[in-house]
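Chains, contacts and geometry: an overview
Here is what each chain is made of, one letter per residue.
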Amino acid sequence: MDHFQYRDGALHAEDVPLETLAATVGTPAYVYSTATLTRHYRVLRDALEAHACLKGALVAFAVKANSNLAVLATLAREGSGADTVSEGEIRRALAAGVPADRIIFSGVGKTDGELAFAIAAGVRQINVESAAELDRLIAVAAAAGAAPAVALRVNPKVGAGGHAKITTGGEGDKFGVPADEALALYARAAASPHVVPVGLACHIGSQITDLAPLEAAFRLLADMTRTLRSQGLEVTRLDLGGGLGVPYSGGAQTASPADYAAMTARVLDGLEVEAAFEPGRLLAANAGVLLSRVIQITERADGRRFLVLDAAMNDLVRPAMYDAFHEVKPVVARDGDPRPYDIVGPVCETGDTFARGRPLPPLAAGDLVVFTGAGAYGAVMSSEYNTRPLVPEVLVDGPRHAVVRPRPTWAEMLARDHVPEWLR
Ligand code: LLP
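Residues numbered from 1 in each chain as written. Predicted model: local features only at pLDDT ≥ 70, side-chain atom pairs only at ≥ 80, totals over all residues. Heavy atoms only, no water.

Right, let's get into the overall build of the protein chain. Tallying secondary structure elements over the protein chain gives twelve helices and 21 strands in all. The C-alpha radius of gyration computed for the protein chain amounts to 23 Å, which stays within 12% of the reference 22 Å derived for 424 residues, consistent with globular compactness. Judged by the C-alpha coordinates and their principal axes, the protein chain covers about 75 × 60 × 40 Å. Looking at the protein chain residue by residue over its 424 residues, the buried ones come to 54%. Within the protein chain, counting contacts between residues at least 6 apart in sequence, those at least 24 apart form 68% of the total. (Helix = DSSP H or I, 4+ residues; strand = E, 2+ residues; numbered from the N terminus. Rg over C-alpha atoms; globule rule 2.2 N^0.38 Å. Buried < 20%, exposed > 50% of the residue type's maximum accessible area, 1.4 Å probe, protein only. Contact = heavy atoms within 4.5 Å.)

With that settled, the discussion passes to the site of the ligand. Not every one of the 18 residues close to the ligand is listed here, only the nearest: Ser206, Glu278, Arg281, Arg318 and Tyr377. Separating an oxygen atom of the ligand from a backbone N or O atom of Arg281 is a distance of 2.8 Å. Contact between the ligand and Tyr322: a nitrogen atom at 2.8 Å from a side-chain N or O atom of the residue. When the ligand sits alone it has 590 Å² of accessible area, and the protein chains cover 92% of it. For the shell around the ligand, a count of residues per class yields six nonpolar, six polar and six charged. (Near = heavy atom within 4 Å. Polar contact = N/O pair within 3.5 Å; in protein donor to acceptor, adjacent residues only side chain to side chain. Areas by Shrake-Rupley, 256 points an atom, 1.4 Å probe, with all protein chains shown as cover. Nonpolar A, V, L, I, M, F, W, Y, C, P; charged D, E, K, R; others polar.)

With respect to the helices, strands and loops of the structure, Gly145 is situated in the loop between α6 (131-144) and β9 (149-155). Overall, Gly145 belongs to the exposed group, its relative accessible area being 67%. Measuring from C-alpha to C-alpha, the distance between Gly145 and Gly245 comes to 41 Å, with 100 residues separating the pair along the chain.

This paragraph deals with the pattern of salt bridges. Overall, the coordinates contain 22 salt bridges when judged by the stated rule. Across the pair Glu215 and Arg219 runs a salt bridge whose closest N-O atoms are separated by 2.8 Å. Of this pair, Glu215 and Arg219 both sit in helix α8 (residues 211-230), separated by four residues, roughly a single helical turn. Look at Arg219 and you get partly exposed, because its relative accessible area is 37%. Between Asp367 and Arg334 there is a salt bridge, and its shortest N-O distance comes to 2.8 Å. (Salt bridge = Lys/Arg side-chain N within 4 Å of Asp/Glu carboxyl O.)

A separate point is the pairing of strand β21 (residues 400-405). Where strand β20 (residues 393-397) lies against β21, five bridges are found, and the strand directions are antiparallel. For Glu393, the partnering residue across the bridge sits in β21 and is Arg405. (Pairing = 2+ DSSP bridges.)

Take the nonpolar core next. Core analysis: the largest hydrophobic core is formed by 104 residues, its most contacted members being Ile126, Leu200, Leu214, Phe218, Tyr260, Leu268 and Ile343. Counting residues per element, this core draws most heavily on α8, at eight residues. Counting residues domain by domain, this core receives three or more from each of domain 1 (4-31 + 285-415) and domain 2 (34-281). Contact partners of Leu268, with chain neighbours within four places excluded, come to Cys53, Leu54, Leu238, Leu240, Val273 and Ala275. (Core = buried A, V, L, I, M, F, W, Y, C linked by side-chain atoms within 4.5 Å. Domains from an automatic or database assignment.)

Across the sheet, three strands lie side by side as β1-β2-β3; this open sheet has antiparallel pairing. Unpaired on one side and paired on the other, β1 (4-7) and β3 (16-17) mark the two borders of the sheet. Judged from the four bridges that link them, β1 and strand β2 (residues 10-13) form a sheet pairing that is antiparallel. Its bridge partner lying in β2, Tyr6 is registered against Leu11.

Bridge count between strand β4 (residues 29-33) and strand β14 (residues 288-299): four bridges; the pairing is antiparallel. Within β14, the residue paired with Tyr30 across the bridge is Leu290. Pairing between β14 and strand β19 (residues 368-371): four bridges, direction antiparallel. Among the inter-strand pairings, Leu291 is bridged to a residue of β19, identified as Val370. Pairing of β14 with strand β15 (residues 305-309) involves five bridges; the strand directions are antiparallel.

Assigned domains within the protein chain: domain 1 (4-31 + 285-415) and domain 2 (34-281). Each of domain 1 and domain 2 has a C-alpha centre, and the two are 32 Å apart. Tallying the contact residues gives 24 residues for domain 1 and 22 residues for domain 2. In total, about 2000 Å² of surface goes out of reach between domain 1 and domain 2, with carbon and sulfur atoms giving 53% of it. Taken as a group, Asn286, Tyr322 and Tyr377 account for 28% of the area that domain 1 buries against domain 2, more than any other trio of residues on that side. The interface formed by domain 1 and domain 2 includes zero salt bridges. Counting across the interface, domain 1 meets domain 2 through nine residue pairs in polar contact (both at pLDDT 80 or more). (Buried area = accessible area lost by both parts, 1.4 Å probe.)

Okay, the packing of helix α7 (residues 179-191) against α8 next. With their axes 11 Å apart at the nearest point, α7 and α8 run at an angle of 35 degrees to one another. The interaxial crossing formed by α7 with α8 has right-handed handedness. From α7, Ala179, Ala182, Leu183 and Tyr186 reach across to α8, where they touch Leu220, Met224, Thr227 and Leu228. Among the residues making up the contact of α7 with α8, the classes are represented as seven nonpolar, one polar and no charged. (Axes fitted to C-alpha atoms, helices over the stretch in contact; angles between N-to-C directions. Left-handed = near helix turned anticlockwise from the far one by under 90°.)

Quick look at the structure:
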């Protein structure tokens, strides 16, 4: 459930009419709902807390899904930790008030500098993804005179997810240590005085709608935990990643957080580990919309009808990149029979097409629409392609709203480039 609802025919974000935001902030703009973010966090937390073996589990929001400081602060206030994949994301999580001991540092290509930064920041754990990385981490930790907690990310050879480009657990994917190499690597980490292996991690993909592949991966981690313990090694934590899908309206049904928690509890029951989860999309996707205005309707003699919006692929790249489905809704409910529209933006390539033949009620130039499900992997993946200003972000909380990232001015955009002396 989200808090973007029609009241008297006008779409609101909580108590704020989206028309008001379009008038004050302009379009395109991302709009996030505090009540929806906190609701999603609590639904997951309560689902986990319902099981004895998951009590106190760490929910570490995947910062990559939405890294706006206001969004992170909203979740931090609820008790969320952070799953991070770069120094920049660690800096954002800390700046938003996430305690260092609730920050997990993941990623296949952490630089020595980033590892040193994470150690100095005192993050909860560093998820190591390869033997080469373990060697570098040991060297960096030795130089720092530290012994950080590490988890080994296992590649379980179980890939899953909504699109080939967001599957991460498959055998050929770049992520994680193959299970058959991980046991020896864990022992190697345990033998080093410069790292403390605390557990195992996995993340097999994103927008996963069926629990079976997740269960297979979790069972593998549980089995490996037992094997490592039988060898006298300590395993106290399992980081089960993110990946649970969300219902993008019109898309597939997905497993619920309650079913996900119950499945996980079945697998971990009796194992005595601290569990951690790294949801991104589940918390943020349906807590945000991309608000856009119709520039014009282009009708062709052959009957083709283009809805040309002021939002483009640089603002929301998921349809172009993953053929992702985002529902488009008019901000003011319109009567009239739906008709098919090709929904496009102004960017100069055909990839800048959000949907083809999408049935919508009759719309006109100047009308407002939203893309729903845009709170995760929306603004964070935006760019200034075609020198379009980076799309602003707005956070709504009940009747109030704040611009939490302003649209840059033309002067700010141009001032970032420098023309060398010899060209002046
Ligand atoms: N943990 C790790 C280690 C990850 O790599 C990811 C996402 C997550 C957690 C969070 O996954 P989630 O719960 O959001 O599914 N840009 C793509 C999604 C890429 C996901 C990458 N990893 C999209 O727009 O669909």
